[in-house]
Amino acid sequence: MPGKEMTTNSVVVTIVNPLGEIDDYNSNSTTNSSLLPDKQKASIPKQFTWVLLIKAYRALFYLAMGLRSVFLSAKKRIILSEVSQEEEEEPRTRGKLYRFLRVFLVISMVALVVELVAHFKKWDLGLINHPWEIMGLVQWSYMAWLSFRVDYAAPTLMMLSKLCIVLFLIQSIDRMIQCVGCFWIKCKGLKPEVVGGEAAYDVEDCSSYPMVLVQIPMCNEGEVFDQSIGAACELDWPRDRFLVQVLDDSDDENIQNLIRNEVWSWKQKGVNIIYRHRFIRTGYKAGNLKSAMACDYVKDYEFVTIFDADFQPSPDFLKRTVPHFKGNPELGLVQARWIFVNKDENLLTRLQNINLCFHFEVEQQVNGMYLNFFGFNGTAGVWRIKALEDSGGWMERTTVEDMDIAVRAHLNGWKFIFLNDVRALCELPESYEAYKKQQHRWHSGPMQLFRLCLPDILSSKISMGKKFNLIFLFFLLRKLVLPFYSFTLFCVILPLTMFIPEAELPLWVVCYVPIFMSFLNILPSPKSFPFLIPYLLFENTMSVTKFNAMVSGLFQLGSSYEWVVTKKTGGRASESDLVALGERESMSSGQEKLPRRLSDSGLEKLTKHKEQEAVPAVKKKNNKIYRKELALAFLLLTAAARSLLSAHGMHFYFLLFQGLAFLAVGLDLIGEQIS
C-alpha cells in the first residue's frame, strides 16, 4: 500500500564445497548403481514370467475360441447332414473297408480303456509270479493280452511295418531321382526343340499348315461351355485349316440348346465349327471321342487336339505345339501343362495345386525328356491321328481312357514330348466331394488298365528297360505301392504300434522322411511353403480314398467303373481367364481376333431358362459327412491318447494332428462350403 514500506523477502543460498557435494552424490549414486543390477536381476525373471503367462493366456483363449467355433461348426454340420446322409449316401460306403475301420476303432477304444486302468492301477506283468495272484477278470485279460502281444502280435506287426518301410523308401528314392532329373533339366535349360526353328510353316501360304481337328467333349457343363468353345474358336490358326467339334453328351435339354446357340453364334462369325450330340451315351468320354473320330471328314485331318469343357488354351496353342511334329515322324503326342485359375480359392485348391505342379513340373517333364513316355492327361494335348489309329483308337474298357491310349501307343513305338512352357487354363474342383470322386476315378482306372495291359506289355516288342519302366515304375510303384503303404503305414500300423509298443516305428519314418518328401513336392510351387504341414496331413488323409480306389480297380469291384463328371464352377474362372487371354491376344499377331462376348454367359442364360420353365423346387443341398474319414479320425485320436500315457512325444503330436485332419475332412470342413 502507498505509505507503507515495501519489504522484500530475500533468500540466501550458500554453496558449501560444491565439489564435495558432487563427490558425495557420485559416491551415493555409485553405491545405488552397485545395488541396482541385483534388483534388475531379481525383477527381470518375474517380468519375463508374467509376459509368458499373458501370452499363454492369450494363446489358450484363442485356442479355446477356435475349438469352440470348430465344435459348433461340427455340431451344425452333423445336424444338417444327418438327413441328407441317409438319402444321398450310396451303399458302397458301408462296405468292407468301413466295417473294418469301425471294428478296428471299437477294439482300439476297448484297449485304451484297459490300458488306462492298467496305467492308474500300476499293473506289471513282471511282478506276478503265479496265476492265482491275478485279481479280477480285467487284470487277467490284460495279462493275457500282454503275453499274446509279445509272442504273436508284435512280430507280425513288425514284419508288416518293415515291408511298408521298404516300399516307402523305394518310392522316396524314385521321387528323389525324378527331382534330380528335373533339377538337371533346369540347370542345362533342356527342352524340346522344333525341327527347322520357329518358322515351321509359311505364314503367307495357309496351305502349308496341317489340318487340325479340335475336339471339346462335354456333359452337362452348363457353367463353362461358353469359355471353352470361345477359347477354341479364337485359336490362331488359318480358318480353313482347323475344325472345332463340340461333342455334347448332355442329357439336359436346356444345356443342349445353350450349347447349340453358342456354336451357331461362332459359326455366324466364320468359324469352322460343328455340334454333335449322341442319343445313346455309352462309354462316357471314351465313347464320345470314339464316335467323333468315326466321322467321314476326319480322314482329311492330320492332328487332333482335345480340350475338356473347363479348359481355355491361349490363342497361340496350336502354333507352339503342332510344329513339333514336323520332321519327327515317330512323335505321336505333344502334351501341354495345366495352370489353374482358382488355385487360391480355398485350402483344398491350394493343396491340389501343390500335387499337380509337382506332377507336371517333375514327373511329366522328366519322363518326357528322358523316356519319351508319360501318361496322357486327357486334355490340352495334340495327337497325331495316325498314332491313335495304329494303337486301336479310343476304348471304353476303363475309366482312364487317356492313360489307356498312351500305354498302347507307347507299346507301338510312338514317342511323346511334354512342353512345360505351353500352358492351358483350367479349374480345380473346389469341394471335397468332387475332388474325392475325381481321385477315386484316377486311382481305380490305372489298376483296371494294369490287369488288361499286362499281357500286351509282356508280349510287346519294346525293350526290356521300357517293359521294366511300365510294369514296375509306372504301374506298380506309382499307382499301387504309393496308396498301399500310405494307408497301411500311417493309418493302420502307426496307431496299432501305440497299443503294441514292441513294434514302435522309428521317428525318422513318422516325421523326418515324410516332411523331407513333402518339401520336395512343394519345390515346384514355392509360394505354397506355408502349407507344408497341412499338405503332409492332407495327403495321408486322402490315402483312404486312394487305397479304396486302388483295391476296387485291382479286383474289379463295382465302384471302380463309376464315372462322375467333376463339378465346375465357371464363375470364378472367367474373370481371370479373360484378363489372361486379353494379355496374350495383345502380344500375339496374325489374323483378326474374334471378340469374346463378356455379357452373355451360359450360366446366366441357363438361369433364365430355368426360371422360365416351371421346374420343381430342388431340395437344398448340404455338405456331407464321410464315415470312413470320421472312423479313422477317432481311431487316430484314440491312439494319440494311448501314446500320451507312454510319453511318445512326436508320435503323439503326429497322431493328434493327423486325427484332427481326418476329423475336418470327415465333417467336410475343407473346400467349398455348401449352405
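Residues numbered from 1 in each chain as written. Predicted model: local features only at pLDDT ≥ 70, side-chain atom pairs only at ≥ 80, totals over all residues. Heavy atoms only, no water.

This part is about the packing of aromatic side chains. Evaluated as defined, the whole model comprises 24 aromatic pairs. When the centroid spacing of 5.2 Å and the interplanar angle of 40° are considered together, the rings of F168 and Y485 count as tilted. Within this pair, whereas F168 is found in helix α3 (residues 137-188), its partner Y485 is found in helix α12 (residues 464-499), the two being separated by 317 residues in sequence. Just as F168 is buried, Y485 falls in that class too. Ring geometry for F360 and F418: centres 6.0 Å apart, planes at 15°, overall stacked. Placement of F360 in helix α8 (residues 347-370) and of F418 in strand β8 (residues 415-426) is noted, with a sequence separation of 58 residues between them. Judged by its relative accessible area of 1%, F360 falls in the buried class. Through successive ring pairs, a cluster of aromatic residues spans F311, W338, F360, F373, F374, F376, W383, F416, F418, F450, F474 and F475. Taking NZ or CZ as reference, K269 lies 4.7 Å from the ring centre of W266, over its face. For K479, the ring lying beneath its charged end belongs to F474, and the centroid distance is 4.3 Å. (Phe/Tyr/Trp six-rings, centres within 6.5 Å; stacked < 30°, edge-to-face > 60°. Helix = DSSP H or I, 4+ residues; strand = E, 2+ residues; numbered from the N terminus. Buried < 20%, exposed > 50% of the residue type's maximum accessible area, 1.4 Å probe, protein only. Lys NZ or Arg CZ within 6 Å of the ring centre and 35° of its normal.)

The next subject is the packing of helix α13 (residues 507-522) against helix α18 (residues 650-666). Put simply, α13 and α18 touch, their axes get as near as 10 Å, and they point 65° apart. The handedness of the crossing between α13 and α18 is left-handed. Where α13 abuts α18, its residues L507, V510 and C511 lie against M650, H651 and F654. (Axes fitted to C-alpha atoms, helices over the stretch in contact; angles between N-to-C directions. Left-handed = near helix turned anticlockwise from the far one by under 90°. Contact = heavy atoms within 4.5 Å.)

With a phi close to 60°, A380 is a non-glycine residue in the positive phi region. The topology assignment puts A380 in the loop between α8 and β7 (381-384). Note on A380: relative accessible area 0%, which makes it buried. For D668, which is not glycine, the phi dihedral falls at a positive 60°. Here D668 lies in the segment after α18. Residue D668 is classed as buried on the basis of its relative accessible area of 4%.

This next bit is on the environment of P506. Note that P506 resides in the loop between α12 and α13. Its relative accessible area of 30% is what places P506 among the partly exposed residues. P506 sits 145 residues away from H651 along the chain, and the two C-alpha atoms are 9.4 Å apart.

In this fold, K436 is placed in helix α11 (residues 432-459). Here the side chain of K436 touches E629 through a polar contact of 3.3 Å, side chain to side chain. With residues near it in sequence (within four places) discarded, K436 still touches T545, Y626 and E629. (Polar contact = N/O pair within 3.5 Å; in protein donor to acceptor, adjacent residues only side chain to side chain.)

What follows is about the environment of V362. Inspection of the secondary structure assignment puts V362 in helix α8. Taking the relative accessible area as the measure of exposure, V362 reaches 4% and is therefore buried. Sequence spacing of V362 and L523 is 161 residues, and the spatial spacing of their C-alpha atoms is 9.8 Å. Here V362 is in contact with Q178, C179, C182, C357 and P524, once residues within four sequence places are set aside.

Right, let's get into a nonpolar patch on the surface. Together, M176, F516, F519, L523 and F529 line one region of the surface with nonpolar side chains, adding up to about 410 Å² of accessible area. In this fold, M176 is placed in helix α3. By relative accessible area, M176 is classed as partly exposed at 36%. (Patch = residues over 30% accessible without salt bridge, like charges linked within 9 Å, V, L, I, M, F, W, Y side chains within 5 Å. Areas by Shrake-Rupley, 256 points an atom, 1.4 Å probe, with all protein chains shown as cover. Salt bridge = Lys/Arg side-chain N within 4 Å of Asp/Glu carboxyl O.)

Taking 1.5 Å as the rise per residue, α12 with 36 residues should run 52 Å; its terminal C-alpha atoms sit only 46 Å apart, a clear shortfall. Largest kink in α12: about 50°, centred on L476. With 26 of 36 residues buried, α12 lies mostly within the body of the structure. (Expected span 1.5 Å × (residues − 1). Bend = angle between axes of the 7 residues up to and from the residue.)

All right, on to the pairing of β7 then. Going residue by residue along β7, you find G381 and W383 tucked away on one face and V382 and R384 tucked away on the opposite face as well. Pairing geometry for strand β4 (residues 303-306) and β7, over 4 bridges, is antiparallel. Bridge assignment links V304 to a residue of β7, and that residue is W383. Direction of pairing for strand β6 (residues 331-340) relative to β7: antiparallel, over a ladder of 3 bridges. Paired with L333 across the strands is W383, a residue of β7. (Pairing = 2+ DSSP bridges.)

By way of backbone hydrogen bonds, the strands of a sheet pair with one another, either parallel or antiparallel. One open sheet accounts for 8 strands, arranged β3-β2-β1-β4-β7-β6-β8-β5; its pairing is mixed. In the strand order of this sheet, the two ends are held by β3 (273-277) and β5 (312-313), each with one partner. In the sheet, β6 pairs with β8 via 9 bridges, with the strands oriented parallel. Note that in β8 the partner of W338 across the bridge is A424.

With that out of the way, let us pick up helix α4 (residues 225-233). Burial analysis of α4 places 9 of its 9 residues in the buried class, the great majority of the element. Looking only at α4, the buried set comprises F225, D226, Q227, S228, I229, G230, A231, A232 and C233.

Another aspect to go through is the packing of α8 against helix α14 (residues 532-554). At a minimum axis distance of 10 Å, the contact between α8 and α14 shows a crossing angle of 85°. With respect to each other, α8 and α14 are oriented roughly perpendicular. Contacts between α8 and α14 involve L348, L351, I354 and N355 from the first element and P534, Y535, F538 and E539 from the second. Its residues placed into classes, the contact of α8 with α14 shows 6 nonpolar, 1 polar and 1 charged. (Parallel < 35°, antiparallel > 145°, perpendicular 65-115°, else oblique. Nonpolar A, V, L, I, M, F, W, Y, C, P; charged D, E, K, R; others polar.)

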